[in-house]
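Spelled out, the chains give:
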Amino acid sequence: MLMIWAGCRRCWEPSGPAAVWTEVAPLFHHRPSSPGPYPPRTALDLHLHLFSRPPPRARDPVSEYLHSCRPPRSSPPAATPRPPAARPRGPDPAPRLPPHPAQPSRSPGACATTPPAVRTGVSSFPAPPAPLEPPPSPWPADMQVSIACTEQNLRSRSSEDRLCGPRPGPGGGNGGPVGGGHGNPPGGGGSGPKARAALVPRPPAPAGALRESTGRGTGMKYRNLGKSGLRVSCLGLGTWVTFGSQISDETAEDVLTVAYEHGVNLFDTAEVYAAGKAERTLGNILKSKGWRRSSYVITTKIFWGGQAETERGLSRKHIIEGLQGSLDRLQLGYVDIVFANRSDPNSPMEEIVRAMTYVINQGLALYWGTSRWGAAEIMEAYSMARQFNLIPPVCEQAEHHLFQREKVEMQLPELYHKIGVGSVTWSPLSCGLITSKYDGQVPDTCRATIKGYQWLKDKVQSEGSKKQQAKVLDLLPIAHQLGCTVAQLAIAWCLRSEGVSSVLLGVSSAEQLLEHLGALQVLSQLTPQTVMEIDGLLGNKPHTKK
């Protein structure tokens with residue numbers, strides 16, 4: 001039988017019967033402890049063993065690399081060999097196959113680091129040596145450094161750091177090293193392996209560090225808009241009542257120029273301000289100045305666009321058409337933030353969020369926010385955006401001053417910490433009531449005398465307003481102690497609130513704007529003791545409802 005199979009193998013086996021004998025001989029030596037159908041009972045078993053085995057699979061480079069890193073396997077302890085049985089003396093009946101080589105005996109708990117050579121009746125194949133050192137990494141050296149730095153950065157930076165970007169470094173700028181510009185390594189900032197290897201992960205920022213930076217040469221402070229990456233000046237310029245209505249275009253240009261030169265980069269308007277004239281005036285000034293579009297932030301608000309039923313509200317139709325009309329009046333290709341200028345009970349929340357997402361995807365706006373919305377409505381819009389993979393709002397515009405505190409100080413901070421919605425506040429002087437210029441009378445030069453603002457005149461002459469003006473007079477000693485006016489004290493008091501990204505100013509002259517910008521120096525003087533003293537005089541600090 002062996003000669004028959006050897007003859008068959010000789011047709012395609014260059015080594016002839018010797019190789020066949022090497023492979024077949026161990027099959028006839030059956031160890032009682034070994035599993036399997038050996039020794040072969042019939043020629044069919046031998047045929048299946050020789051010809052039915054699948055060809056060895058070629059390993060891909062990754063499997064070959066992983067296989068080379070695998071530690072050598074330890075052989076199980078060999079069974080104690082049985083003593084050979086006594087054979088009767090006499091001539092051998094037939095030639096026997098060579099005995100199976102015995103395994104070297106080891107103690108039951110011993111493990112071999114290198115398996116012994118496997119010997120057969122013809123040839124001996126030494127076992128592969130164990131690796132002496134770990135194989136080299138398949139990744140380039142510069143990629144290893146990049147991956148290590150990235151992992152260390154993600155471990156060392158908190159969620160707020162990743163949202164708000166790098167903090168100012170010792171050399172100034174936005175977190176760059178000394179003399180390195182915007183985050184480039186010193187000495188050229190190349191992109192080769194040496195430049196990448198020189199990158200060192202930034203140590204984590206101290207706890208409680210303010211995400212606030214100061215502009216060079218202007219002294220203006222900049223903050224993130226909520227937890228987005230947009231940086232806005234903590235004092236912005238509003239155009240309500242003033243642009244296109246109370247002041248002339250020349251005065252408006254002077255005010256806007258002074259604001260821009262002193263670091264103000266946030267300019268707010270709306271489609272309803274002066275029936276669209278405020279947007280036209282602002283657009284003409286920006287076009288004549290030729291400032292870089294990337295150097296300032298323009299916001300507008302959508303709700304009241306005209307007298308027709310389809311020209312107001314927050315329907316998808318009016319959001320898209322109203323924003324396009326605002327862009328035409330502003331002579332801009334896009335606005336940075338579009339606000340929903342109040343909630344609309346007639347429009348489904350999903351329609352509002354989808355329309356805001358659409359105008360952002362179309363490039364008509366970069367962010368969207370809310371104005372005079374309740375906390376529950378903002379949360380509903382955020383949940384709707386997350387449910388349908390849409391864009392949520394980033395900030396809320398709310399009225400905030402010494403006598404209007406509940407929403408900004410109690411409701412919006414919770415939204416800021418939970419969903420990242422910031423606050424842009426307006427009317428820090430309560431339409432001029434916190435300036436001590438109203439002494440029970442309405443001056444002829446104030447905005448309360450403008451046509452269409454009779455509600456403001458009635459507010460000034462109300463009993464509640466007179467009580468508020470009496471409390472403003474009580475703040476004069478604190479203002480004198482800090483070396484500022486009551487208006488500067490009131491604006492600085494608004495800036496110290498948690499989650500407030502910017503405070504919008506409404507001024508009628510460049511001199512008034514310069515006075516209000518002086519509130520930045522007062523902000524650093526507002527100690528906790530001073531704030532507690534102000535709260536004691538006002539007596540209206542909101543408390544958490546239990």
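Residues numbered from 1 in each chain as written. Predicted model: local features only at pLDDT ≥ 70, side-chain atom pairs only at ≥ 80, totals over all residues. Heavy atoms only, no water.

The protein chain has the name Potassium voltage-gated channel subfamily A regulatory beta subunit 3 in an unreviewed UniProt entry, where Canis lupus dingo is given as its organism. The record held by UniProt for the protein chain lists under Sequence similarities (unreviewed entry) the comment "Belongs to the shaker potassium channel beta subunit family." (UniProt positions renumbered as here; feature names shortened; annotations may be inferred.)

From N to C terminus, the protein chain includes 21 helices and 13 strands. Taking all 546 residues of the protein chain together, the buried fraction comes to 39%. For the protein chain, the exposed area adds up to about 31100 Å²; of that, 56% sits on carbon and sulfur atoms. (Helix = DSSP H or I, 4+ residues; strand = E, 2+ residues; numbered from the N terminus. Buried < 20%, exposed > 50% of the residue type's maximum accessible area, 1.4 Å probe, protein only. Areas by Shrake-Rupley, 256 points an atom, 1.4 Å probe, with all protein chains shown as cover.)

Here we take up the packing of aromatic side chains. Any two aromatic rings considered together are summarised by their centre-to-centre distance and by the angle between their planes. Inspection of the entire model under this criterion finds five aromatic pairs. With a centroid separation of 6.1 Å and 85° between ring planes, the pair formed by tryptophan 240 and tryptophan 426 is classed as edge-to-face. Of this pair, tryptophan 240 sits in the loop between β6 (235-238) and α8 (242-246) while tryptophan 426 sits in strand β12 (residues 422-426), placing them 186 residues apart in sequence. Residue tryptophan 240 is classed as partly exposed on the basis of its relative accessible area of 26%. Arranged with centres 3.9 Å apart and planes meeting at 5°, the rings of tyrosine 260 and tryptophan 291 form a pair that is stacked. Highlighted residues: tyrosine 260 in helix α9 (residues 249-261) and tryptophan 291 in the loop between α10 (277-289) and β8 (297-302), separated in sequence by 31 residues. Here tyrosine 260 falls in the partly exposed class, since its relative accessible area comes to 21%. (Phe/Tyr/Trp six-rings, centres within 6.5 Å; stacked < 30°, edge-to-face > 60°.)

What follows concerns the nonpolar core. The biggest cluster of nonpolar side chains holds 92 residues, and the ones touching the most others in it are Leu235, Leu237, Ile298 and Leu402. A total of nine residues in this core trace back to one element, the largest contributor, which is helix α18 (residues 486-495). If we ignore the near neighbours within four places in the chain, the residues touching isoleucine 298 are Phe267, Leu282, Leu286, Arg293, Leu330, Leu332, Val335, Asp336 and Ile337. Core analysis: the second largest hydrophobic core is formed by twelve residues, Leu225, Leu266, Val297 and Cys395 among them. (Core = buried A, V, L, I, M, F, W, Y, C linked by side-chain atoms within 4.5 Å. Contact = heavy atoms within 4.5 Å.)

This part takes up helix α12 (residues 349-361). Side chains three or four residues apart in an α-helix point the same way, a direct result of the helix having 3.6 residues per turn. With 13 residues, α12 extends 18 Å from end C-alpha to end C-alpha; this agrees with the ideal 18 Å at 1.5 Å per step. Buried residues along α12 sit in contact with α11 (316-330), β9 (335-340), β10 (365-371) and α13 (375-387). Remark: glycine 363 follows α12 within two positions and exhibits a positive phi of approximately 85°. (Expected span 1.5 Å × (residues − 1).)

For the pair α9 and α10, interaxial distance at closest approach is 10 Å and the crossing angle is 60°. Overall, the two elements α9 and α10 adopt an arrangement that is oblique. Two packed elements cross with a definite hand, and for α9 against α10 that hand is right-handed. Contacts from Asp249, Ala252, Glu253, Leu256 and Thr257 in α9 reach Thr281, Leu282, Ile285, Leu286, Ser288 and Lys289 in α10. Taken together, the residues of the contact of α9 with α10 break down into five nonpolar, three polar and three charged. (Axes fitted to C-alpha atoms, helices over the stretch in contact; angles between N-to-C directions. Parallel < 35°, antiparallel > 145°, perpendicular 65-115°, else oblique. Left-handed = near helix turned anticlockwise from the far one by under 90°. Nonpolar A, V, L, I, M, F, W, Y, C, P; charged D, E, K, R; others polar.)

So, about the pattern of salt bridges. This structure, assessed with the given rule, holds twelve salt bridges. A salt bridge links glutamate 253 to lysine 289; the shortest N-O distance between them is 3.6 Å. Of this pair, glutamate 253 sits in helix α9 while lysine 289 sits in helix α10, placing them 36 residues apart in sequence. Close ionic contact of lysine 418 with glutamate 414 constitutes a salt bridge, the shortest N to O distance being 2.8 Å. (Salt bridge = Lys/Arg side-chain N within 4 Å of Asp/Glu carboxyl O.)

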